[in-house]
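Breakdown of the fold
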Amino acid sequence: MPTMADVARSAGVSVATVSHVLNGTRPVLPHTRQAVLDAVDELGYTPNTLARSLVTSRTRSIGLAVSAISNPYFTEILQGVEAGALEHGYSLLIADPHDDPDHECKVVQLLHERRVDGMIVAPSADPRELVSYLGRHRVPTVFLDRVIDGVIEGAVGGVVGGAVEDPADGRQRFDQVCAENTGPMARLVAHLAELGHRRIGLVAGLPGLSTTAERITGYRQGLTAARLSYDDDLVVHGDSASAGAERATATLLSRSAPPTALVTANNAMTIGTLRALRDRGLSVPDDLALCCFDDFAWADLFSPRLTAIAQPSREIGAQAVRVLLERLAAPDRPARTVRLDCAFVHRTSCGCPDSGERGRPPQSSPSSQSSPSSQPSQPSQFEKGNVS
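Quick look at the structure, then.

Parameters and conventions
- Residues numbered from 1 in each chain as written.
- Predicted model: local features only at pLDDT ≥ 70, side-chain atom pairs only at ≥ 80, totals over all residues.
- Heavy atoms only, no water.
- Core = buried A, V, L, I, M, F, W, Y, C linked by side-chain atoms within 4.5 Å.
- Buried < 20%, exposed > 50% of the residue type's maximum accessible area, 1.4 Å probe, protein only.
- Contact = heavy atoms within 4.5 Å.
- Axes fitted to C-alpha atoms, helices over the stretch in contact; angles between N-to-C directions.
- Helix = DSSP H or I, 4+ residues; strand = E, 2+ residues; numbered from the N terminus.
- Parallel < 35°, antiparallel > 145°, perpendicular 65-115°, else oblique.
- Nonpolar A, V, L, I, M, F, W, Y, C, P; charged D, E, K, R; others polar.
- 1 Å grid on protein atoms, 1.4 Å probe; cavity = no way out; pocket = protein on both sides within 12 Å on 5 of 7 lines; lining within 4 Å.
- Points joined across faces, edges and corners; volume = space filled by probe spheres on them.
- Salt bridge = Lys/Arg side-chain N within 4 Å of Asp/Glu carboxyl O.

1. Structural notes on the nonpolar core
Here is a general trend for soluble globular proteins: nonpolar side chains tend to be buried in one another's company. Core analysis: the biggest nonpolar cluster contains 67 residues, and I120, I200 and Y219 have the highest contact counts within it. What Y219 contacts, discounting residues up to four positions off in sequence, is M185, V189, I200, G201, L202, Y230, L234 and V235. Residues A65, V121, L134 and F143 belong to the second largest nonpolar core, which totals 16 residues.

2. A word on the packing of helix α2 (residues 15-23) against helix α3 (residues 30-43)
Where α2 contacts α3, the axes come no closer than 10 Å and their chain directions differ by 85 degrees. By the angle class used here, α2 and α3 are roughly perpendicular. Where α2 abuts α3, its residues T17, V18, V21 and L22 lie against T32, R33, V36, L37 and V40. Counted by class, the contact of α2 with α3 contains six nonpolar, two polar and one charged residues.

3. Here's the deal with the layout of surface pockets
Reported here for the second largest pocket is a volume of approximately 320 Å³. N71, F74, R146, S240 and N266 are, among the 24 residues lining the second largest pocket, the residues nearest its centre. Broken down by secondary-structure element, the contributors of at least two residues to the lining of the second largest pocket are α5 (72-87), α9 (210-225) and α11 (267-279). Top contributing element to the lining of the second largest pocket by residue count: α9, with three residues. Residue composition of the lining of the second largest pocket, by class: nine nonpolar, nine polar and six charged.

4. Some remarks on the pattern of salt bridges
A side chain with one charge may pair with a side chain of the opposite charge, provided their charged atoms come close. Inspection of the entire model under this criterion finds 14 salt bridges. Among the salt bridges present, the one from R339 reaches E214, with a minimum N-O distance of 2.8 Å. Of this pair, R339 sits in strand β13 (residues 337-340) while E214 is found in helix α9, placing the two residues 125 residues apart along the sequence. As far as burial versus exposure is concerned, R339 and E214 are alike and both buried. In this structure, the salt-bridge partner of D279 is R278, at a minimum N-O distance of 3.2 Å. Residue classification places D279 among the partly exposed residues on the basis of a relative accessible area of 47%. Among the ionic contacts, a cluster of salt bridges with common partners joins D175, E326, R327, R333 and R336.

Keep in mind these values describe shape, not function.
Now the structure itself:
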């Protein structure tokens with residue numbers, strides 16, 4: 001097996017120069033760099049990653065802890081993380097915390113013990129131990145999809161969220177990347193209200209998650225903008241899962257005054273809701289209009305086609321990698337929260353006639369770096385297409 005010394009002899013340079021070219025540790029003249037790369041290619045040299053990590057204290061690996069990897073939304077996020085990591089020469093170690101706080105801490109500790117350079121984590125509904133571990137060990141981390149910087153109000157049954165602020169000065173300690181939630185959910189509610197619906201139900205996600213709280217806030221803002229009153233009987237929790245949503249939808253339909261329209265707060269719950277409606281012989285949109293948060297590949301194949309909010313899932317994953325690499329390059333820079341725009345995909349499950357639009361919108365780019373508590377635009381200001 002060829003060594004770095006063999007590459008140096010073939011290229012006519014020192015071993016140190018070969019190291020600088022392969023590790024990017026110092027600028028090298030273009031013709032020298034090319035000579036080294038030609039020698040690497042000719043000899044079939046493969047760098048010893050383990051030996052390099054002992055010298056640089058970097059393994060060029062990223063730990064990814066994301067629950068429900070089988071969910072198409074998180075699968076696409078994973079694809080974005082993987083593509084971003086490979087683009088920058090990083091490998092990926094993946095673990096599923098199963099949305100369980102105890103298991104979450106175990107898998108994060110195992111990833112840390114594998115000496116990953118940094119982590120990307122979609123936190124559970126109770127991330128206190130996770131935050132404590134990451135802060136105590138100063139692990140470079142980006143929180144993905146679900147944010148935990150501060151207390152988030154609006155959840156049915158209480159307040160959720162956790163603090164990632166430094167107790168000494170109140171500054172945010174961890175970077176975060178997620179989609180906008182509040183404004184897009186308000187957009188769905190506003191659309192249904194514009195179609196004449198006055199009893200709009202919500203199948204919300206797992207209590208404790210920031211995505212659940214923010215989408216409930218958006219639901220309430222959409223009602224307020226439409227001058228509709230909030231009715232606690234019209235909000236149920238499907239716990240972010242298909243089976244939970246099926247049960248929750250059945251509860252809504254059993255009310256003495258059931259909703260005439262429903263909004264589901266993620267793609268898995270949309271499936272459960274559709275199953276509950278089918279079991280009762282109800283037709284969408286003739287008997288009940290439906291809009292959903294999360295578009296997915298086959299939403300356009302349903303009959304009716306699903307009106308949905310599409311999240312830029314791949315871009316969320318890729319952006320998380322970029323933010324993590326920026327953190328590794330500048331450990332002392334201020335932490336930030338990056339939110340990405342979503343898109344309103346207008347189809348027919350809401351009760352509108354078929355406009356002929358098909359397919360999913362393109363992935364969008366990062367929006368302003370706002371905190372979860374920042375107020376979105378009012379629904380009346382949204383136009384069809386990107387929303388923020």
